[in-house]
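Spelled out from the first residue to the last, the chains are:
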Amino acid sequence: MTRLLGVFLLVAVLFGVLMASNPNASDPENLQDMARRQGFYSILTLGAGLLIITGGIDLSIGSLVGLSAVAFAVLMGKGVPPTVAVILVLCGSMVIGLVHGLLITQLRLQPFLVTLCGLFVYRGLAKQLSASDIGLGTARNSPGVTPAFLADLERWVTLAQGKAFGVPIILVLSLALAGVLAALLHGSVYGRYLYAIGGNEQAARYAGIPTDRYKIFAYVTCSWLAGLAGVLELLDVGAASPPQAGTLYELYAITGAVLGGCSLRGGEGTVVGILLGTAVLPLIKTLIIFLQVPDSIEYTIIGLALLVGTVGDELFKRRAANRGG
């Protein structure tokens, strides 16, 4: 609870500083844009947080977002109906997560190594699918396009860019996903299994928990959310660049999860904390823009934020150990 309060205060302070930094910061359009980005990054961070809780990690999230966005555009450009293209992309991302899980659980490879390889492989596949930027314009001008195709596409664009009761739909979607994940982690025996695996996998296995099955589930879920984020990014932005789409998103996701209280050792973290941690970096990024700070410092801040989160995690661990002793 103390840690959650600390993250909440950090978010509140950053938001207050942002509002005071520039009169335009409180403009409704800017607030809507911040809410949309919060929703987008929350989707990625929920997947990363789930993995970290189980003791895993995925460095390929950003590349998978890029591959999903490019694949979605390419499929529609070939005349595949948007809804079918979405299903194919999401199924493909789940297969990628399944491959990650099998390599890690069956061959006992290190998650860091498996997903680092994936980072390069998926970026390369995205470049092979399209040699140049590709987007919704390609889909709308694809051969044999029909009114039904365009209507289906517009429904998906509305999902990514639209609002529900004045709130960006993508934020509503992320909160709904957070609710499902919270019910799983905090309200079911399966969630306790996931925490047990992250806390001590060997003990969990001796207790009869099918650890491999749950770890695979976590990797499939993380990849599925990355695939969903790729689809939403293409629909929101309108185009995807194979070399750049999703670049460094894994850092935003992992940093947000760690700042929100997910221990890199596994076995700790809450959905509320993940959502709060997700808000930190987008707020910092917006603050940098309004203060006209050079873009180059953004990555420095991301690295320092991750370092602070890691140091904080270690200090909390030691404090808890001293109390227990």
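Reading the values: rules and limits
For every chain, the first residue of its written sequence is number 1, and the numbers climb from 1 along that sequence. Since the coordinates come from a predicted model, pLDDT governs what is reported: local features require at least 70, and pairs of side-chain atoms require 80 or more to be given and counted, while whole-chain, interface and lining totals use all residues. Hydrogens are left out, water is left out, and the side-chain values use all remaining heavy atoms of the structure. Numbered from the N terminus, helices here are DSSP runs of H or I no shorter than four residues, and strands are runs of E no shorter than two. The size measure is the radius of gyration over C-alpha atoms, and the globule rule it meets is 2.2 Å times the number of residues to the 0.38 power. Relative accessibility under 20% of the residue-type maximum defines a buried residue, over 50% an exposed one, and the middle range a partly exposed one, all with a 1.4 Å probe and only protein chains included. We call two residues contacting when some pair of their heavy atoms lies within 4.5 Å. Reported accessibility uses the Shrake-Rupley method at a 1.4 Å probe radius. Residues are deemed covered only where the shown protein chains occlude them. For the charge count, each Lys or Arg is scored as positive and each Asp or Glu as negative, with His and the chain ends excluded. Charge placement uses NZ in Lys and CZ in Arg. For Asp and Glu, CG and CD serve respectively. What counts as a salt bridge is simple: a side-chain nitrogen of Lys or Arg found within 4 Å of a carboxyl oxygen of Asp or Glu. For the purposes of these results, a polar contact is taken to be a pair of N or O atoms within 3.5 Å, where, inside protein, one atom must be able to donate a hydrogen and its partner to accept one; residues adjacent in sequence count only when each atom of the pair is a side-chain atom. pLDDT expresses how confident the predictor is about each individual residue, on a scale running from 0 to 100. The span expected for a helix works out to 1.5 Å for each residue beyond the first. Definition used in this section: a nonpolar core is a set of buried Ala, Val, Leu, Ile, Met, Phe, Trp, Tyr and Cys residues joined via side-chain atoms within 4.5 Å.

J.: I tried to follow the overall build of the chain on my own but got confused; where do I start?
T.: When its secondary structure is counted, the chain shows 14 helices and four strands. Its C-alpha atoms give the chain a radius of gyration of 20 Å, near enough to 20 Å, the size a compact globule of 325 residues would have. Principal axes of the C-alpha set define a box for the chain whose edges measure 70 × 55 × 35 Å. Within the span of the chain, comprising 325 residues, buried residues form 51% of the whole. By sequence separation, contacts in the chain at least 24 residues apart represent 78% of the contacts at least 6 residues apart. By element, 67% of the accessible surface of the chain is carried by carbon and sulfur atoms, the whole surface being about 15000 Å². Across the chain, 20 positive and 17 negative side-chain charges occur, with their mean positions spaced 9 Å apart.

J.: I would appreciate a short explanation of helix α12 (residues 249–259) in the present structure.
T.: In an α-helix, one turn spans 3.6 residues; hence positions three or four apart end up facing the same way. Burial analysis of α12 places 10 of its 11 residues in the buried class, which makes it a mostly covered element. Residues Y249, E250, Y252, A253, I254, T255, G256, A257, V258 and L259 constitute the buried set of α12. Taken from the residues just after α12, G261 is the one with a positive phi, measuring 110°.

J.: Before we go on, may I ask you to explain the side chain of E250 in this structure?
T.: For E250, the location among the structural elements is in helix α12. For the buried E250, no salt bridge is present, and the opposite-charge side chain at shortest range is R123, 6.1 Å distant. For E250, the side chain forms a polar contact with the main-chain nitrogen of G62, separated by 3.0 Å. Ignoring sequence-local partners within four residues, the contact set of E250 consists of D58, L59, I61, G62, S63 and L119.

J.: Where do I start with the confidence of the model for the chain in this structure?
T.: Note that predicted coordinates carrying low pLDDT should not be read in detail. Mean pLDDT over the chain: 90, with 96% of residues reaching 70 or higher. Here helix α14 (residues 297–324) stands out as the element of the chain with the lowest mean pLDDT, 72, in contrast to helix α4 (residues 82–105), whose mean of 97 is the highest.

J.: So what exactly am I meant to see when it comes to helix α11 (residues 211–237) here?
T.: Helix length check: α11, at 27 residues, gives a terminal C-alpha distance of 39 Å against a target of 39 Å (1.5 Å per residue), a fit within 8%. Counted residue by residue, α11 has 22 buried out of 27 residues, so it is predominantly covered. At the exit of α11 stands G238, carrying a positive phi of roughly 100°.

J.: Honestly, the pattern of salt bridges in this entry has me stumped. Any pointers?
T.: Should the charged atoms of two oppositely charged side chains come close, the side chains can pair. Counting across every chain of the model gives six salt bridges. In this structure, D33 and R37 form a salt bridge, with 3.2 Å as the shortest nitrogen-oxygen distance. Taken together, the residues D33 and R37, both in helix α2 (residues 28–53) and four residues apart, mark about one turn of the helix. The class of D33 is partly exposed, set by a relative accessible area of 33%. K215 is the partner of E201 in a salt bridge, and the nearest nitrogen-oxygen pair spans 3.3 Å. Taken together, the residues E201 in helix α10 (residues 201–206) and K215 in helix α11 connect sequence positions 14 residues apart.

J.: Whenever I open this one, the nonpolar core confuses me. Can you help?
T.: Burial of nonpolar side chains together is a common tendency in soluble globular proteins. Grouped together as the largest cluster of nonpolar side chains are 92 residues, with contacts concentrated most on L44, L46, F72 and M76. Not counting the four nearest positions on each side in its chain, M76 is found in contact with P82, A85, L136, A139, S142, F149, L153 and L234.

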